[in-house]
Amino acid sequence: MIDLIIDTDTGSDDAVALMLALGNPEVNVKAITTVAGNVPVDFGSKNALATVALMGKNTPVYQGFDRPLMRDLHTAQNVHGADGMSGAPIPTNIPKLSGFDAVNKLIELPKAEPGKYTLVTLGPLTNIAAALFQDPNVLSYYKEIYCMAGSPEGWGNVTPSAEFNIWCDPESFKVVLRSGTPIVMVGWNISREYAVIAKPETDNFKKIGTARSNYLLDINIQVAKFCKEVTGIDGFDLPDPITMAIAINPNLITKSELVRMDVACDEFMRGTLIIDRSVAAQKLGPNVKVIWEADREGFLNSLYEMCQDGSNPTGFTPRPLDFYL
Ligand code: RIB
Ligand code: CA
(Lines give C-alpha, C1' and ligand atoms only; values in the text may rest on other atoms or scores of the structure.)
(Ligands and ions follow the chains in the order given, each with its own letter.)
Protein backbone atom coordinates (compact mmCIF):
# COMPACT_ATOMS: atom_id res chain seq x y z
CA MET A 1 0.00 0.00 0.00
CA ILE A 2 1.20 3.50 -0.89
CA ASP A 3 0.27 6.08 1.76
CA LEU A 4 -0.10 9.62 0.42
CA ILE A 5 -0.69 13.11 1.73
CA ILE A 6 -1.57 15.50 -1.11
CA ASP A 7 -1.25 19.30 -1.10
CA THR A 8 -3.19 20.88 -3.94
CA ASP A 9 -4.48 24.15 -5.40
CA THR A 10 -7.28 22.13 -7.01
CA GLY A 11 -7.74 23.25 -10.53
CA SER A 12 -8.73 20.92 -13.32
CA ASP A 13 -5.46 19.03 -13.66
CA ASP A 14 -5.10 18.69 -9.88
CA ALA A 15 -8.56 17.07 -9.87
CA VAL A 16 -7.40 14.41 -12.34
CA ALA A 17 -4.33 13.79 -10.15
CA LEU A 18 -6.64 13.31 -7.15
CA MET A 19 -8.72 10.86 -9.23
CA LEU A 20 -5.59 8.82 -10.03
CA ALA A 21 -4.75 8.53 -6.32
CA LEU A 22 -8.29 8.06 -5.00
CA GLY A 23 -9.18 5.54 -7.71
CA ASN A 24 -6.14 3.31 -7.14
CA PRO A 25 -6.78 0.35 -4.79
CA GLU A 26 -3.05 0.25 -3.97
CA VAL A 27 -3.14 3.83 -2.69
CA ASN A 28 -4.32 5.19 0.68
CA VAL A 29 -4.85 8.97 0.62
CA LYS A 30 -4.54 9.90 4.30
CA ALA A 31 -5.39 13.59 3.80
CA ILE A 32 -5.71 16.32 1.21
CA THR A 33 -4.60 19.86 2.06
CA THR A 34 -5.52 22.86 -0.07
CA VAL A 35 -3.62 26.03 -0.88
CA ALA A 36 -4.27 29.16 -2.94
CA GLY A 37 -2.87 29.02 -6.46
CA ASN A 38 -4.88 28.13 -9.55
CA VAL A 39 -7.94 29.54 -7.79
CA PRO A 40 -8.68 31.16 -4.42
CA VAL A 41 -8.26 28.50 -1.74
CA ASP A 42 -11.98 28.15 -0.98
CA PHE A 43 -12.61 27.29 -4.63
CA GLY A 44 -9.76 24.80 -4.46
CA SER A 45 -11.25 23.17 -1.39
CA LYS A 46 -14.66 22.91 -3.08
CA ASN A 47 -13.11 21.32 -6.19
CA ALA A 48 -11.14 18.85 -4.07
CA LEU A 49 -14.26 17.87 -2.07
CA ALA A 50 -16.27 17.46 -5.30
CA THR A 51 -13.59 15.15 -6.73
CA VAL A 52 -13.39 13.12 -3.49
CA ALA A 53 -17.19 12.70 -3.73
CA LEU A 54 -17.05 11.73 -7.41
CA MET A 55 -14.58 8.98 -6.48
CA GLY A 56 -16.87 7.75 -3.71
CA LYS A 57 -14.35 8.40 -0.96
CA ASN A 58 -14.47 10.24 2.39
CA THR A 59 -10.88 11.48 2.45
CA PRO A 60 -10.51 14.45 4.81
CA VAL A 61 -9.72 17.82 3.19
CA TYR A 62 -8.05 20.53 5.28
CA GLN A 63 -7.79 24.10 4.03
CA GLY A 64 -4.51 26.02 4.17
CA PHE A 65 -3.01 29.33 3.10
CA ASP A 66 -5.15 31.72 1.10
CA ARG A 67 -2.15 33.62 -0.33
CA PRO A 68 1.58 33.25 -0.97
CA LEU A 69 4.01 33.80 1.92
CA MET A 70 5.21 37.27 0.91
CA ARG A 71 3.24 38.30 -2.16
CA ASP A 72 -0.26 39.01 -3.41
CA LEU A 73 -2.08 36.02 -4.90
CA HIS A 74 -2.14 35.87 -8.68
CA THR A 75 -4.29 32.92 -9.73
CA ALA A 76 -4.35 30.85 -12.94
CA GLN A 77 -8.08 31.32 -13.50
CA ASN A 78 -7.19 32.48 -17.00
CA VAL A 79 -6.01 28.91 -17.60
CA HIS A 80 -8.52 26.78 -15.66
CA GLY A 81 -11.59 29.02 -15.67
CA ALA A 82 -12.99 31.20 -12.89
CA ASP A 83 -14.01 28.14 -10.85
CA GLY A 84 -10.83 26.23 -11.75
CA MET A 85 -12.90 23.51 -13.48
CA SER A 86 -13.73 25.11 -16.85
CA GLY A 87 -17.24 25.89 -15.59
CA ALA A 88 -18.10 22.21 -16.09
CA PRO A 89 -20.78 20.46 -14.02
CA ILE A 90 -19.21 18.98 -10.85
CA PRO A 91 -20.79 17.05 -7.96
CA THR A 92 -22.67 19.40 -5.62
CA ASN A 93 -23.76 17.07 -2.81
CA ILE A 94 -20.24 17.09 -1.38
CA PRO A 95 -18.77 16.59 2.11
CA LYS A 96 -17.71 19.49 4.30
CA LEU A 97 -14.13 20.56 4.97
CA SER A 98 -12.54 18.68 7.88
CA GLY A 99 -10.77 21.79 9.09
CA PHE A 100 -8.69 24.87 8.34
CA ASP A 101 -5.50 23.49 9.87
CA ALA A 102 -3.75 22.18 6.78
CA VAL A 103 -0.30 23.22 7.99
CA ASN A 104 -0.69 21.42 11.32
CA LYS A 105 -1.88 18.28 9.51
CA LEU A 106 1.12 18.41 7.15
CA ILE A 107 3.26 18.20 10.30
CA GLU A 108 1.26 16.03 12.75
CA LEU A 109 0.34 13.17 10.41
CA PRO A 110 3.87 12.26 9.19
CA LYS A 111 5.42 13.02 12.60
CA ALA A 112 3.11 10.40 14.18
CA GLU A 113 4.24 7.74 11.68
CA PRO A 114 7.71 8.73 10.40
CA GLY A 115 8.67 7.32 7.00
CA LYS A 116 5.14 6.13 6.18
CA TYR A 117 3.69 8.94 4.05
CA THR A 118 4.75 10.18 0.65
CA LEU A 119 3.96 13.88 0.18
CA VAL A 120 2.75 14.96 -3.27
CA THR A 121 2.50 18.71 -3.87
CA LEU A 122 0.46 19.96 -6.83
CA GLY A 123 0.39 23.71 -6.23
CA PRO A 124 2.47 26.55 -4.80
CA LEU A 125 4.62 25.43 -1.85
CA THR A 126 3.11 27.93 0.64
CA ASN A 127 1.67 25.36 3.08
CA ILE A 128 4.91 23.37 2.97
CA ALA A 129 7.06 26.42 3.70
CA ALA A 130 4.76 27.38 6.57
CA ALA A 131 5.08 23.85 7.96
CA LEU A 132 8.87 24.19 7.77
CA PHE A 133 8.76 27.43 9.77
CA GLN A 134 6.69 25.62 12.41
CA ASP A 135 8.88 22.48 12.42
CA PRO A 136 12.17 22.69 10.49
CA ASN A 137 12.39 18.88 10.43
CA VAL A 138 8.93 18.30 8.94
CA LEU A 139 10.05 17.09 5.52
CA SER A 140 12.31 14.48 7.10
CA TYR A 141 9.20 12.80 8.55
CA TYR A 142 8.01 11.92 5.02
CA LYS A 143 9.09 8.85 3.08
CA GLU A 144 9.54 10.90 -0.10
CA ILE A 145 8.38 14.22 -1.53
CA TYR A 146 7.19 14.65 -5.13
CA CYS A 147 6.52 18.19 -6.34
CA MET A 148 4.84 19.27 -9.54
CA ALA A 149 6.98 22.38 -9.80
CA GLY A 150 9.37 24.26 -11.97
CA SER A 151 10.74 24.45 -15.47
CA PRO A 152 14.20 22.93 -14.93
CA GLU A 153 15.17 23.44 -18.55
CA GLY A 154 13.95 27.02 -18.46
CA TRP A 155 10.77 27.00 -20.62
CA GLY A 156 8.11 28.59 -18.44
CA ASN A 157 4.33 28.68 -18.68
CA VAL A 158 3.81 32.00 -16.87
CA THR A 159 6.92 33.92 -17.93
CA PRO A 160 9.40 32.71 -20.55
CA SER A 161 11.37 30.95 -17.77
CA ALA A 162 9.03 30.35 -14.81
CA GLU A 163 6.42 27.66 -14.11
CA PHE A 164 3.25 28.72 -12.26
CA ASN A 165 3.55 26.81 -8.94
CA ILE A 166 6.96 28.34 -8.29
CA TRP A 167 6.25 31.73 -9.92
CA CYS A 168 3.14 32.12 -7.73
CA ASP A 169 5.19 31.78 -4.51
CA PRO A 170 8.95 31.64 -5.24
CA GLU A 171 9.93 32.40 -1.63
CA SER A 172 8.17 29.27 -0.43
CA PHE A 173 10.03 27.14 -2.95
CA LYS A 174 13.31 28.72 -1.78
CA VAL A 175 12.43 27.68 1.79
CA VAL A 176 11.78 24.12 0.60
CA LEU A 177 15.09 24.02 -1.30
CA ARG A 178 16.88 24.96 1.94
CA SER A 179 15.06 22.44 4.12
CA GLY A 180 17.85 19.84 4.01
CA THR A 181 15.45 17.22 2.60
CA PRO A 182 15.71 16.61 -1.16
CA ILE A 183 12.54 16.65 -3.27
CA VAL A 184 11.64 14.93 -6.54
CA MET A 185 10.79 17.61 -9.13
CA VAL A 186 8.32 16.74 -11.87
CA GLY A 187 8.54 19.94 -13.89
CA TRP A 188 6.47 21.41 -16.66
CA ASN A 189 8.99 19.93 -19.09
CA ILE A 190 7.58 16.47 -18.25
CA SER A 191 4.00 17.64 -18.71
CA ARG A 192 4.76 19.23 -22.08
CA GLU A 193 6.71 16.21 -23.34
CA TYR A 194 4.79 13.24 -21.92
CA ALA A 195 1.37 14.33 -20.63
CA VAL A 196 -0.42 16.14 -23.44
CA ILE A 197 -3.96 14.89 -24.12
CA ALA A 198 -5.29 15.44 -27.67
CA LYS A 199 -6.70 13.22 -30.44
CA PRO A 200 -6.67 10.16 -30.24
CA GLU A 201 -6.58 10.26 -26.42
CA THR A 202 -9.68 12.47 -26.20
CA ASP A 203 -11.54 10.01 -28.45
CA ASN A 204 -10.34 7.14 -26.23
CA PHE A 205 -11.75 8.85 -23.13
CA LYS A 206 -15.03 9.58 -24.96
CA LYS A 207 -15.23 5.89 -25.93
CA ILE A 208 -14.76 4.86 -22.29
CA GLY A 209 -17.83 7.01 -21.65
CA THR A 210 -17.93 6.85 -17.85
CA ALA A 211 -18.71 9.71 -15.45
CA ARG A 212 -14.98 9.75 -14.62
CA SER A 213 -13.78 9.97 -18.25
CA ASN A 214 -16.39 12.61 -19.04
CA TYR A 215 -15.39 14.65 -15.96
CA LEU A 216 -11.69 14.39 -16.90
CA LEU A 217 -12.34 15.86 -20.37
CA ASP A 218 -14.96 18.42 -19.41
CA ILE A 219 -13.12 20.10 -16.52
CA ASN A 220 -10.04 20.57 -18.74
CA ILE A 221 -11.69 22.16 -21.78
CA GLN A 222 -10.57 25.63 -20.64
CA VAL A 223 -6.96 24.44 -20.38
CA ALA A 224 -7.26 23.18 -23.97
CA LYS A 225 -8.35 26.66 -25.08
CA PHE A 226 -5.43 28.25 -23.13
CA CYS A 227 -2.99 25.80 -24.72
CA LYS A 228 -4.27 26.58 -28.21
CA GLU A 229 -4.11 30.36 -27.71
CA VAL A 230 -1.08 30.76 -25.43
CA THR A 231 1.32 27.82 -25.00
CA GLY A 232 0.77 26.45 -28.49
CA ILE A 233 0.12 22.92 -27.21
CA ASP A 234 -2.44 20.97 -29.31
CA GLY A 235 -4.85 19.62 -26.67
CA PHE A 236 -4.30 20.04 -22.92
CA ASP A 237 -1.41 18.99 -20.73
CA LEU A 238 -1.71 17.26 -17.34
CA PRO A 239 1.24 18.29 -15.13
CA ASP A 240 -0.28 17.26 -11.81
CA PRO A 241 -1.59 13.87 -12.98
CA ILE A 242 1.77 12.78 -14.39
CA THR A 243 3.37 13.89 -11.12
CA MET A 244 0.86 11.75 -9.22
CA ALA A 245 1.35 8.80 -11.59
CA ILE A 246 5.13 9.00 -11.01
CA ALA A 247 4.72 9.28 -7.22
CA ILE A 248 2.53 6.15 -7.28
CA ASN A 249 4.79 4.29 -9.73
CA PRO A 250 8.37 5.67 -9.83
CA ASN A 251 9.13 3.12 -12.59
CA LEU A 252 7.54 5.67 -14.93
CA ILE A 253 10.75 7.71 -14.48
CA THR A 254 13.11 6.88 -17.36
CA LYS A 255 15.75 9.57 -16.78
CA SER A 256 16.55 11.73 -13.75
CA GLU A 257 19.43 13.73 -12.25
CA LEU A 258 20.39 14.76 -8.72
CA VAL A 259 21.24 18.48 -8.73
CA ARG A 260 21.85 21.48 -6.50
CA MET A 261 19.14 24.02 -7.31
CA ASP A 262 18.15 27.54 -6.35
CA VAL A 263 15.31 29.82 -7.42
CA ALA A 264 15.21 33.50 -8.37
CA CYS A 265 12.86 35.71 -6.32
CA ASP A 266 13.57 39.09 -7.89
CA GLU A 267 10.82 40.58 -10.04
CA PHE A 268 12.47 40.09 -13.43
CA MET A 269 13.59 36.47 -12.97
CA ARG A 270 10.86 35.49 -10.45
CA GLY A 271 10.45 31.70 -10.37
CA THR A 272 13.38 30.95 -12.68
CA LEU A 273 15.40 27.92 -11.57
CA ILE A 274 19.18 27.87 -11.33
CA ILE A 275 20.93 24.48 -11.45
CA ASP A 276 24.49 24.74 -10.06
CA ARG A 277 26.78 21.97 -11.32
CA SER A 278 29.96 23.53 -9.87
CA VAL A 279 32.38 21.58 -7.67
CA ALA A 280 31.32 23.69 -4.69
CA ALA A 281 27.69 22.77 -5.35
CA GLN A 282 28.56 19.07 -5.53
CA LYS A 283 30.14 19.41 -2.06
CA LEU A 284 26.90 20.88 -0.73
CA GLY A 285 25.07 17.85 -2.07
CA PRO A 286 21.85 17.64 -4.13
CA ASN A 287 18.54 19.16 -2.97
CA VAL A 288 16.49 18.13 -6.01
CA LYS A 289 16.05 15.00 -8.11
CA VAL A 290 14.99 16.41 -11.47
CA ILE A 291 12.98 14.13 -13.77
CA TRP A 292 14.13 14.55 -17.38
CA GLU A 293 12.24 11.74 -19.14
CA ALA A 294 9.14 9.65 -18.33
CA ASP A 295 6.99 6.86 -19.73
CA ARG A 296 4.02 8.44 -21.59
CA GLU A 297 2.34 5.15 -22.41
CA GLY A 298 2.47 4.00 -18.81
CA PHE A 299 1.00 7.32 -17.73
CA LEU A 300 -1.85 7.19 -20.25
CA ASN A 301 -2.65 3.59 -19.30
CA SER A 302 -2.99 4.62 -15.64
CA LEU A 303 -5.56 7.26 -16.68
CA TYR A 304 -7.52 4.86 -18.90
CA GLU A 305 -7.52 2.20 -16.17
CA MET A 306 -8.83 4.66 -13.55
CA CYS A 307 -11.59 5.84 -15.93
CA GLN A 308 -12.89 2.33 -16.67
CA ASP A 309 -14.78 2.34 -13.36
CA GLY A 310 -18.34 3.31 -14.29
CA SER A 311 -19.43 4.26 -10.79
CA ASN A 312 -21.06 7.66 -10.22
CA PRO A 313 -21.82 7.72 -6.48
CA THR A 314 -22.92 11.37 -6.43
CA GLY A 315 -25.19 10.86 -9.43
CA PHE A 316 -23.94 14.08 -11.02
CA THR A 317 -24.93 14.57 -14.66
CA PRO A 318 -21.96 15.24 -16.94
CA ARG A 319 -22.63 17.55 -19.87
CA PRO A 320 -22.58 16.07 -23.40
CA LEU A 321 -19.09 16.24 -24.89
CA ASP A 322 -20.09 16.72 -28.52
CA PHE A 323 -18.31 20.11 -28.41
CA TYR A 324 -15.04 18.43 -27.49
CA LEU A 325 -11.86 18.97 -29.46
O1 RIB B 1 2.34 24.98 -14.02
C2 RIB B 1 1.41 23.93 -13.84
C3 RIB B 1 0.96 23.89 -12.42
O4 RIB B 1 0.30 25.10 -12.10
C5 RIB B 1 -0.09 22.79 -12.17
O6 RIB B 1 0.02 22.36 -10.85
C7 RIB B 1 -1.38 23.50 -12.37
O8 RIB B 1 -2.46 22.91 -11.65
C9 RIB B 1 -1.07 24.84 -11.80
O10 RIB B 1 -1.22 24.76 -10.38
CA1 CA C 1 -1.95 22.40 -9.42
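The preceding data block contains the structure.
Residues numbered from 1 in each chain as written. Chains lettered and ligands numbered in written order. Predicted model: local features only at pLDDT ≥ 70, side-chain atom pairs only at ≥ 80, totals over all residues. Heavy atoms only, no water.

Enquirer: Can you lay out the coordination of the calcium ion (ligand 2) for me, pointing to particular residues and giving the numbers?
Expert: Taken together, Asp9 (OD), Asp14 (OD), Asp14 (OD), Leu122 (O) and Asp240 (OD) make up the full set of protein donors to the calcium ion (ligand 2), lying 2.2 to 2.6 Å away. When the donors of the calcium ion (ligand 2) are listed by position in the chain, the intervening gaps give D-x4-D-x107-L-x117-D. Note that Asp14 is positioned in helix H1 (residues 12-22) and Asp240 in helix H12 (residues 239-248), a separation of 226 residues in sequence. With respect to burial, Asp14 and Asp240 carry one shared label: buried. (Donors = N, O, S within 2.8 Å, 3.2 Å for Na, K, Ca; no water. Helix = DSSP H or I, 4+ residues; strand = E, 2+ residues; numbered from the N terminus. Buried < 20%, exposed > 50% of the residue type's maximum accessible area, 1.4 Å probe, protein only.)

Enquirer: Report on the site of ligand 1, specifying residues and quantitative values.
Expert: As a matter of local geometry, ligand 1 sits amid Asp9, Asp13, Asp14, Asn38, Leu122, Met148, Asn157, Glu163, Phe164, Asn165, Pro239 and Asp240. Between an oxygen atom of ligand 1 and a side-chain N or O atom of Asn38, the distance comes to 2.9 Å. Here an oxygen atom of ligand 1 and a backbone polar atom of Leu122 are 2.8 Å apart. In the complex, 95% of the free accessible area of ligand 1, which totals 280 Å², lies under the protein chains. For the shell around ligand 1, the secondary-structure elements that each account for two or more residues are H1, helix H6 (164-168) and H12. Considered class by class, the residues forming the shell around ligand 1 number 4 nonpolar, 3 polar and 5 charged. (Near = heavy atom within 4 Å. Polar contact = N/O pair within 3.5 Å; in protein donor to acceptor, adjacent residues only side chain to side chain. Areas by Shrake-Rupley, 256 points an atom, 1.4 Å probe, with all protein chains shown as cover. Nonpolar A, V, L, I, M, F, W, Y, C, P; charged D, E, K, R; others polar.)

Enquirer: Can you break down the nonpolar core residue by residue, with the values?
Expert: The biggest cluster of nonpolar side chains holds 73 residues, and the ones touching the most others in it are Phe205, Tyr215, Ile242, Met244, Ile246, Phe299 and Leu303. Tallying contributions element by element places H1 first for this core, with 8 residues. Formed by 34 residues, the second largest nonpolar core is a distinct cluster that contains Tyr62, Ile107, Ile128 and Ile183. (Core = buried A, V, L, I, M, F, W, Y, C linked by side-chain atoms within 4.5 Å.)

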